Amino acid sequence: MTLDIPLADAPKSTANIMPDAQTVTSVQHWTDTLFSFRVTRPPSLRFRSGEFVMIGLPDERGKPILRAYSIASPNWDDELEFYSIKVPDGPLTSRLQHIKPGDQIILRPKPVGTLVLDALLPGKRLWFLATGTGIAPFASLLRDPETYERYEQVILMHTCRKVAELEYGRELVEGLKDDPLLTEIYGDSFADRLLYYPTATREEYPRRGRITDNLASGKVFADLGLPAMNPADDRAMVCGSMALNLDVTKVLEGFDLREGANSDPREFVVEKAFVGEGV
Ligand SMILES: Cc1cc2nc3c(=O)[nH]c(=O)nc-3n(C[C@H](O)[C@H](O)[C@H](O)COP(=O)(O)OP(=O)(O)OC[C@H]3O[C@@H](n4cnc5c(N)ncnc54)[C@H](O)[C@@H]3O)c2cc1C
Ligand SMILES: NC(=O)c1ccc[n+]([C@@H]2O[C@H](COP(=O)([O-])OP(=O)(O)OC[C@H]3O[C@@H](n4cnc5c(N)ncnc54)[C@H](OP(=O)(O)O)[C@@H]3O)[C@@H](O)[C@H]2O)c1
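Residues numbered from 1 in each chain as written. Chains lettered and ligands numbered in written order. Predicted model: local features only at pLDDT ≥ 70, side-chain atom pairs only at ≥ 80, totals over all residues.

1. Quick look at the pairing of strand S1 (residues 21-29)
Alright, step 1. Strand direction decides the pairing type here: S1 and strand S6 (residues 104-112), joined by three bridges, are antiparallel. Along S6, the bridge assignment pairs alanine 21 with isoleucine 106.
Alright, step 2. Two strands pair when backbone bridges link them, and S1 and strand S2 (residues 34-40) are joined in this way by five bridges, in the antiparallel orientation. What sits directly across from glutamine 28, in S2, is serine 36.
Alright, step 3. Between S1 and S2, which pair antiparallel one after the other, the connecting turn spans four residues. (Pairing = 2+ DSSP bridges. Helix = DSSP H or I, 4+ residues; strand = E, 2+ residues; numbered from the N terminus.)

The following block contains the structure:
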């Protein structure tokens, strides 16, 4: 990290500006622009799967640099997982990408967000539509048994430019098939209830194309053997760039689904995966 010393050994003054410090327990680098990490969970932190918190690091002068991050682990997990971009000159991630087990990060324990099960009306199928790091809130919801209690089928569409950027999601889904908690509750047929539709847009891959195009053309329904989306059966959560969110909203509205919120549950909800135009 750009700090000269590991955070765990930071000067005592750091403790004063890190009242919400948590300890990093593991770090995994997926590509040169993506990594995930786990930290200790404050015992008092309660959250709904899909919510986000503010996390950060102190700058050179000890002032916290805080950013919104979706919690990627489910609400029953003892630790918290995050999945992060590495922005080359990003105030936070140019530092955060260098964390190691034993380092400390700041975590403000006030979870919020729209991508929660309570923000949707009951239905038959739940669609998770994500690009890039927008998969993070769904990594939480996919590991939460309540998701499968509420919906007969769960479909994850994850789209990235490059194949390597899909790997975090692919391993997550692969691991779910043997998830001890989910298979104990739902039995061996559990895996059949989860459909995974990864696509790459700028490299060769078995499935190609943007989420918007694969929904609007009906290709994803044909490929998965599902009926076209309809407001009686289908619910959706969307997490990506502003452009993706706006374009997917139009497509979902074309299927007569309506956008909802915590206070007004409807057929779909949307959240930004980041603010701004891009790296
Ligand atoms: C509700 C919410 C949840 C978020 N959850 C996550 C998360 O789980 N994982 C995560 O990596 N980021 C997430 N972000 C983005 C995060 O808050 C920071 O913007 C990111 O960590 C980069 O911080 P930075 O200080 O290095 O750069 P910033 O100054 O924050 O951003 C610099 C540039 O990088 C672009 N950028 C920022 N984040 C991303 C991203 N994730 N993917 C592509 N481009 C990006 C921005 O558009 C901006 O142009 C979330 C943002 C919001 C609003
Ligand atoms: N990831 C990289 O390799 C890379 C390289 C250089 C720069 N960047 C910068 O980093 C930023 C973030 O990159 P990112 O790849 O994480 O995010 P991104 O640009 O939002 O792309 C992620 C995925 O979403 C798709 N997408 C983008 N806009 C869409 C829309 N309006 N509707 C439907 N699908 C849409 C992209 O398809 P398309 O491929 O068809 O756009 C891509 O597959 C970019 O904005 C870019 O400025 C990224």
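The rest of the description comes next.
2. A closer look at the nonpolar core
Alright, step 1. In this structure, Phe128, Leu129 and Met237 are the most contacted members of the largest nonpolar core, which totals 63 residues.
Alright, step 2. In this structure, this core is formed jointly by two domains, domain 1 (7-112) and domain 2 (117-272), each of which donates at least three residues.
Alright, step 3. Sequence-distant contacts of phenylalanine 128, defined by excluding residues within four places in its chain, comprise Phe138, Leu141, Ile155, Leu156, Met157 and Met237. (Core = buried A, V, L, I, M, F, W, Y, C linked by C-beta atoms within 7 Å. Buried ≥ 20, exposed ≤ 12 C-beta atoms within 10 Å, placed from the backbone. Domains from an automatic or database assignment. Contact = placed C-beta atoms within 7 Å.)

3. Details of the site of ligand 1
Alright, step 1. Around ligand 1, 25 residues are found, and the nearest of them are Gly90, Leu92, Thr93, Phe274 and Gly276.
Alright, step 2. If you list the elements that add at least two residues to the shell around ligand 1, you get strand S4 (64-70), strand S5 (79-85) and strand S11 (268-272).
Alright, step 3. If one sorts the elements of the shell around ligand 1 by residue count, S4 sits on top with four residues.
Alright, step 4. Of the residues assigned to the shell around ligand 1, the class counts are 13 nonpolar, eight polar and four charged.
Alright, step 5. Split by domain, the residues of the shell around ligand 1 number at least three in each of domain 1 (7-112) and domain 2 (117-272). (Near = placed C-beta within 6 Å. Nonpolar A, V, L, I, M, F, W, Y, C, P; charged D, E, K, R; others polar.)

4. Remarks on helix H9 (residues 242-254)
Alright, step 1. For H9, built from 13 residues, the straight-helix expectation of 18 Å at 1.5 Å per residue is met to within 8% by its first-to-last C-alpha distance of 19 Å.
Alright, step 2. Regarding H9, the residues found buried are Leu244, Val248 and Leu252. Looking straight down H9, one finds that the buried residues subtend no more than 60° of arc, so they occupy a single side. Those residues of H9 that are exposed and angled more than 90 degrees off the buried face are Ala243, Lys250 and Gly254.
Alright, step 3. Looking at the packing, one finds that the buried side of H9 touches strand S7 (125-131), helix H7 (211-216), strand S10 (234-240) and S11.
Alright, step 4. A positive backbone phi angle near 70° is found at aspartate 256, which sits one or two residues after H9. (Expected span 1.5 Å × (residues − 1). Arc of directions from axis to C-beta.)

5. With respect to the confidence of the model for the protein
Alright, step 1. Confidence in the prediction of the protein, expressed as mean pLDDT, is 92, and 92% of residues score 70 or more.
Alright, step 2. Long-range and interchain partners of residues 1-16, a stretch whose pLDDT sits below 50, account for 17 contacts in this model, where long-range means more than four residues apart. (pLDDT = per-residue confidence, 0-100.)

6. Quick look at the domain arrangement of the protein
Alright, step 1. When its domains are assigned, the protein resolves into domain 1 (7-112) and domain 2 (117-272).
Alright, step 2. Placing a centre on the C-alpha atoms of domain 1 and another on those of domain 2 gives a separation of 26 Å.
Alright, step 3. Contact with domain 1, which involves 15 residues of that partner, is made by 13 residues of domain 2.
Alright, step 4. Of all the secondary structure elements, the ones that give two or more residues to the side of domain 1 that touches domain 2 are S2 and S5.

7. Notes on the pairing of strand S3 (residues 52-58)
Alright, step 1. Of all seven residues in S3, six are buried; the element is thus mostly enclosed.
Alright, step 2. Here S3 runs beside S4; their pairing, made up of seven bridges, is antiparallel. Each residue of the ladder has a partner; that of phenylalanine 52, found in S4, is serine 70.
Alright, step 3. Joining the antiparallel neighbours S3 and S4 is a turn of five residues, in which glycine 62 adopts a positive phi near 90°.
Alright, step 4. The pairing of S3 with S6 spans four bridges and is antiparallel. Counterpart to glycine 56 in the pairing with S6 is isoleucine 106.

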